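Geometric and topological summary
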Amino acid sequence: MSEHPLADEAFEPYEPRRPVPLPVYWMAIALALWGAVTLWNDSTAQSSGVGQRLAEAGDMTRRHSAAGADLFAQRCATCHQADGAGVAGAVPPLQGSRFLGANPQLVVQILLHGINGPIAVGGDRFDGHMPAFGSVLDDGQIARLVTHLRATWGNGGEVDAAFVKAQRQATRERHASWNGGADLVSLDPAVGPQPAFLSAPPAPSDSVAMALARGGKAGGWACAACHGAAGEGRSGVPRLAGLPADYIAQALLAFSTGTRASDIMGPIARQLDGPERVGLGRLYATMASASRARPELDGDLARGATLALQGDDRRDVPSCFSCHGPSGFGVAPIVPAIAAQQPAYTAGRLAALGRHGKDDAGAAVMPSVAARLSDADRRAVADYLATLPPSPAIDTDTKDAR
Amino acid sequence: MTDPGHTATETESPRDQRKGRGLPRSIYALGGGLLLFALVMLVRDDILLRSGPSTPAPQDNGAIAFTPPPMSSIPNGPAGASIRHGMAIFENTATEARAFVGNGLACRSCHLDAGRKADSAPMWAAWVSYPQYRAKNKKMNSMEDRLNGCFSYSMNGQDSPSGGPPPKGDPIYTDLEAYFHWLASNAPTGAKLKGAGFPKLKLSSLGYDRDRGRAVYAQHCASCHGDDGQGRRDLNGRQVFPPLWGANSYNWGAGMAQINNAAGFIKANMPLGAGNSLTDQQAWDAAAWIDSQERPKDPRQKGSVQDNAAAFHEGEKTFYGKTIDNHLLGTGTSPKPRL
Amino acid sequence: MNRALPLVILAMTILAFATMLLVVVPRAQIGSEPPAAGLRAYSPEELRGRAQYMSLGCVYCHSQQPRTPDQAPDGERGWGRPSVAADYAYDSPHLMGTMRTGPDLLNVGARLPSTAWHLTHLYRPRAIAPWSIMPSYPFLFEIKDHAAPGDTVVWLPREQRVAGKVVVARPEAMALVAYLLSLDRTYPAPASAIRDDGYSRVGGKP
């Protein structure tokens, strides 16, 4: 019988108990505390985030039912000016305008469909290109706006949403704008003598471009399949209707050479030759269509309006409208219209310009401006622009010559 | 069988040793944990605080930075109405002061951002530096005198419906001054404000050259102001980009017709949204190209261009009175037919 | 093995804790989320396409869950706003995916609304982007001598066509494209939806 310890068959190996070192406890307790604090912070941030969003949604509803004066400041003052003085030689004044006279029907109809043709106001003649608000303002908003206009510059008299609804119903077949003062005289002779409407230069009946837009080239993809039958765009696909013809032609050229990179537009643009690019540009420039853009990026509309109307001097961002024209209708030949543009496209384009810099000849200044906008700013301004009425159709023949 | 020494040290003693020590030990553990947590939080906050916004750098040569009040703080009531009307005149000059504007410009064409932007002759800085002696007319100038000069030269009042600037005491002056006064709210009077006037650029040994300027202009300016310098209008015919020369621009008596002023403005502000992106040399050359084009005549001219150049343009950096391409600059343009 | 019981209890506790946090609590939070206003149910054609999407394994490379701007610039890429639970109300099972080898598809119907484009792209992705690594799906198409009435002919760049033949989409391809075009969550997210705000809201408005 050996006394060797290994011979002990009954011995069960075990780990001796050693106390856990204190520093391990310290770390564990500190981490647990940190976790608890973080969870608590997050949950308050979460609930405050939800509360803030609900408040913003409420704000939006309130803004939607904003008083006529607010609507005027946001949608009309860029052209007609805050005091209704208009712009000499360009935008008719509202002060003392006969169009705000007795019959509210006239004002409602002008707001619903816009004007495209010469008009005489207060003894001066104007070219007359006013956008149609029918697709961006609802009946209630138009009623409040007209009430405000009549109270400020007309002869009073309230207009209600039912009246606007009836007016909208009465002219629902109408898709074009009113042909200047000559057309409006027939609605209400009280506006006084109006210049004759020289038959609108026929929307270029470029059947080649039309066929391209509707059917694509050689059975290829049609423009209309993504950009819509009336060039109104959708979500990330830009609105084309009312963009300057030269801008569209230049963009197609940039897509085909690859200076403006796009997997979708690249193969399409490479199929087109010079005259086809120009033809498509003219086709979309003269297209008037209702706005299909709606704010969809959760942008702060008030901030967007500030950026568009005044810019942000702290970040050295000039206002959008200082180059894209009052109300964002663009300036032919190369500054594109931005009003009623699809917000996802606007925000994405701003981000791309800010990130990649100059990608086509036209946008010389935009990269440095876009680079100074934050993500929230881009969404804000894109959403704000989506609330504006679309640019009236550009009559390329006369406007490009200016 | 079992080893008595082995069991004695390993199986029995730990339990025995820990007996009665659980409480102090857990207190040590908890206390140490809390201490560590507090320490880490302090260190973190300290780092966060230090990386926060740094204090603004001290101002150079004693100039004071100033920010005008936001538009939303214009008061209501009659004073506010006057300020608002002043701002409307500033932005929409050809409409609000229709009788006195003889070209396609507005005050804000050169005083960007409605006269708020530093380095584009902001009105808050102008307000606190008047009345002032000016060599241009060799007298003490009140703000109204200065504005009268703006309407005469920059706004080319000679071709306006009334044929000149607003008469003395016109409410246009009052409202513009009300707007400037409000813009300069809380600005120190007589002190040097940062961003006043246009920046002064040093001229290098290359000087300025209109042919080099033509290339700069074609590359950086023409897309907005047009190859012909006539700016651009929107579809309603409203001037969006201002005309830089010709009958619809400022006349030969304007400060902007001097190359040094135009160069400073261009350097700091052009292309719009990308200020300070051109080199000093490019700014000088572009200014030389723009200011060597014909524009409305100097309204002070009595006799010949040469006489007037000697009387009013001596020592200026200007092309006035020089002959370029067989054309004597300063002859003037015929006024545009009125809209 | 000694002390088996404490070990089992500990393992079960950890499992229960994880189940609680990953299954029970989320279910309580979003299990009964109503469909978002603006979201519509899939049509039978789109459901057939959805089945194709699953059987072809699209989900292995394409996610359907755009992230917040704090995590990734998905919004700038045109993939849409961060998704919320209500966006998936009609998706059972959801096809959120985990791999982001290809672009996110939750809003592809809004981004690329052209049927013809999708057909070309499915037939031969490299006809559109030469660098694309997406597999082609020729078995969803037929090569015919002549298109029969009612056939949808797939457009190809000139140099990639086969002389005298046309490529025609099979019903499977049409169904898949119908499903892709139905992917459009560009309506605003419900204001009360639970969503990840990233870090931007901690300490106030971004």
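Since the structure is predicted, the reported quantities are computational estimates derived from the model, not experimental observations. (Residues numbered from 1 in each chain as written. Chains lettered and ligands numbered in written order. Predicted model: local features only at pLDDT ≥ 70, side-chain atom pairs only at ≥ 80, totals over all residues. Heavy atoms only, no water.)

1. Quick notes on the overall build of chain C
Each helix and strand in chain C was counted, giving five helices and two strands. Tracing chain C from N to C terminus, the helices and strands come up as α-α-α-α-β-β-α. Relative to its length of 206 residues, chain C is extended, with a C-alpha radius of gyration of 22 Å against a globular reference of 17 Å. Considered along the principal axes of its C-alpha atoms, chain C spans approximately 75 × 55 × 35 Å. Evaluated residue by residue, chain C yields a buried proportion of 40% over its 206 residues. For chain C, the proportion of contacts with a sequence separation of at least 24, taken over those separated by at least 6, is 70%. Of the roughly 11,300 Å² that chain C leaves accessible, carbon and sulfur atoms contribute 63%. Between the mean site of the 21 positive side-chain charges and the mean site of the 17 negative ones, chain C shows a separation of 3 Å. (Helix = DSSP H or I, 4+ residues; strand = E, 2+ residues; numbered from the N terminus. Rg over C-alpha atoms; globule rule 2.2 N^0.38 Å. Buried < 20%, exposed > 50% of the residue type's maximum accessible area, 1.4 Å probe, protein only. Contact = heavy atoms within 4.5 Å. Areas by Shrake-Rupley, 256 points an atom, 1.4 Å probe, with all protein chains shown as cover. Lys, Arg positive; Asp, Glu negative; His and termini not counted. Charge placed at Lys NZ, Arg CZ, Asp CG, Glu CD.)

2. Quick look at the pattern of salt bridges
Scanning all chains against the criterion turns up 27 salt bridges over all chains. A salt bridge links A:Arg168 to A:Asp139; the shortest N-O distance between them is 2.7 Å. In this pair, A:Arg168 is assigned in helix 6 (residues 161-170) and A:Asp139 in helix 5 (residues 139-152), connecting sequence segments 29 residues apart. Looking at A:Arg168, the relative accessible area reads 27%, which means it is partly exposed. Each of C:Arg67, C:Asp74, C:Arg77, C:Arg100 and C:Asp104 takes part in a single network of salt bridges with overlapping partners. (Salt bridge = Lys/Arg side-chain N within 4 Å of Asp/Glu carboxyl O.)

3. As for the nonpolar core
Most often, soluble globular proteins have nonpolar side chains that are buried together. If you look at the biggest cluster of nonpolar residues, it comprises 70 residues, and the most contacted ones within it are B:Phe151, B:Leu176, B:Tyr179, B:Phe180, B:Tyr217 and B:Ile266. Looking at this core, the element that brings in the most residues is helix 8 (residues 171-183) of chain B, giving eight residues. Dropping the residues within four chain positions of it, B:Leu176 is found in contact with B:Gly86, B:Ile89, B:Phe90, B:Leu147 and B:Phe151. In this structure, A:Cys76, A:Ile110, A:Ala143 and A:Trp178 belong to the second largest nonpolar core, which totals 32 residues. (Core = buried A, V, L, I, M, F, W, Y, C linked by side-chain atoms within 4.5 Å.)

4. Overview of the interface of chain A and chain B
If you look at the interface, chain A gives 55 residues, while chain B gives 43 residues. When chain A packs against chain B, the two sides together hide about 4,100 Å² of surface, and 61% of this comes from carbon and sulfur. By the criterion of area lost to chain B, the three top residues of chain A are A:Arg17, A:Trp26 and A:Ala88, representing 11% of everything that side buries. Between chain A and chain B we count one salt bridge in total. Between B:Arg98 and A:Asp124 there is a salt bridge, and its shortest N-O distance comes to 3.1 Å. If you look at where chain A meets chain B, you find nine residue pairs in polar contact (both at pLDDT 80 or more). Residue assignment for the side of chain A that touches chain B shows that the elements contributing at least two residues are helix 1 (22-64), helix 3 (77-80), helix 14 (321-324) and helix 16 (366-371) of chain A. (Buried area = accessible area lost by both parts, 1.4 Å probe. Polar contact = N/O pair within 3.5 Å; in protein donor to acceptor, adjacent residues only side chain to side chain.)

5. Some words on the packing of aromatic side chains
Per the stated rule, a full pass over the model turns up 19 aromatic pairs over all chains. When the ring of B:Phe90 is compared with that of B:Tyr179, the centres are 5.8 Å apart and the planes differ by 55 degrees; the resulting orientation is tilted. With B:Phe90 in helix 3 (residues 77-91) and B:Tyr179 in helix 8, this pair connects stretches of sequence that are 89 residues apart. Both residues of the pair, B:Phe90 and B:Tyr179, count as buried. Measuring from centroid to centroid gives 5.2 Å for C:Tyr123 and C:Phe141, while their planes differ by 80 degrees, and the two rings are edge-to-face. Taken as a pair, C:Tyr123 in helix 4 (residues 115-123) and C:Phe141 in strand 1 (residues 141-144) lie far apart in primary sequence, 18 residues in all. In textbook terms, an aromatic cluster arises when at least three aromatic residues are bridged by ring pairs, as seen for B:Phe90, B:Tyr179, B:Phe180 and B:Trp182. The cationic tip of B:Arg300 hangs over the ring face of B:Phe312; the distance from NZ or CZ to the ring centre is 4.5 Å. Positioned over the ring face of C:Trp79 is C:Arg77, at 5.1 Å from the centre of the ring. (Phe/Tyr/Trp six-rings, centres within 6.5 Å; stacked < 30°, edge-to-face > 60°. Lys NZ or Arg CZ within 6 Å of the ring centre and 35° of its normal.)

6. Side note on the environment of B:Asn308
All names here are of chain B. On the secondary structure map, Asn308 appears in helix 13 (residues 305-312). Taking relative accessible area as the criterion, Asn308 reaches 3% and is therefore assigned buried. The spatial distance from the C-alpha of Asn308 to the C-alpha of Asp291 is 17 Å, given a sequence separation of 17 residues. Among all residues touching Asn308, those that are not within four sequence positions of it are Asp298, Arg300, Gln301, His313 and Tyr320.

7. Regarding helix 15 (residues 343-356) of chain A
Residue and element names in this part refer to chain A. For helix 15, built from 14 residues, the straight-helix expectation of 20 Å at 1.5 Å per residue is met to within 8% by its first-to-last C-alpha distance of 20 Å. Counting buried positions over the 14 residues of helix 15 gives 10, a clear majority of the element. Those residues of helix 15 not exposed but buried are Pro343, Ala344, Tyr345, Thr346, Ala347, Gly348, Arg349, Leu350, Ala351 and Leu353. Contact partners of the buried residues in helix 15: helix 10 (245-257), helix 16 and helix 17 (375-385). (Expected span 1.5 Å × (residues − 1).)

8. Some words on unusual backbone geometry
Of note, the bond from B:Tyr130 into B:Pro131 is cis; its omega dihedral lies within 30 degrees of zero at 0 degrees. Structurally, the position occupied by B:Pro131 is in the loop between helix 6 (123-127) and strand 1 (132-134). C:Pro93 follows C:Ser92 through a cis peptide bond whose omega is -5 degrees. Position of C:Pro93 relative to the elements: it lies in the loop between helix 2 (44-55) and helix 3 (108-111). Although it is not a glycine, B:Ala114 sits at a positive phi angle of roughly 55 degrees. Along the chain, B:Ala114 falls in helix 5 (residues 112-115). According to the relative accessible area criterion, B:Ala114 is buried, its value standing at 3%. The residue B:Asn326 is not glycine, and still its phi comes out positive at about 65 degrees. Secondary-structure assignment places B:Asn326 in the loop between strand 5 (323-324) and strand 6 (327-328).

9. As for the interface of chain A and chain C
With 32 residues of chain A in contact, the opposing surface of chain C contributes 29 residues. Between chain A and chain C, a total of about 3,000 Å² is buried, with carbon and sulfur atoms accounting for 53% of that surface. Taken together, the links from chain A to chain C amount to one salt bridge. In this structure, C:Asp184 engages A:Arg234 in a salt bridge whose closest nitrogen and oxygen atoms are separated by 3.1 Å. Scanning the region where chain A abuts chain C turns up three residue pairs in polar contact (both at pLDDT 80 or more). Top element by residues in the side of chain A that touches chain C is helix 1 of chain A. It accounts for nine residues. For the side of chain A that touches chain C, the per-class residue count stands at 12 nonpolar, nine polar and 11 charged. (Nonpolar A, V, L, I, M, F, W, Y, C, P; charged D, E, K, R; others polar.)

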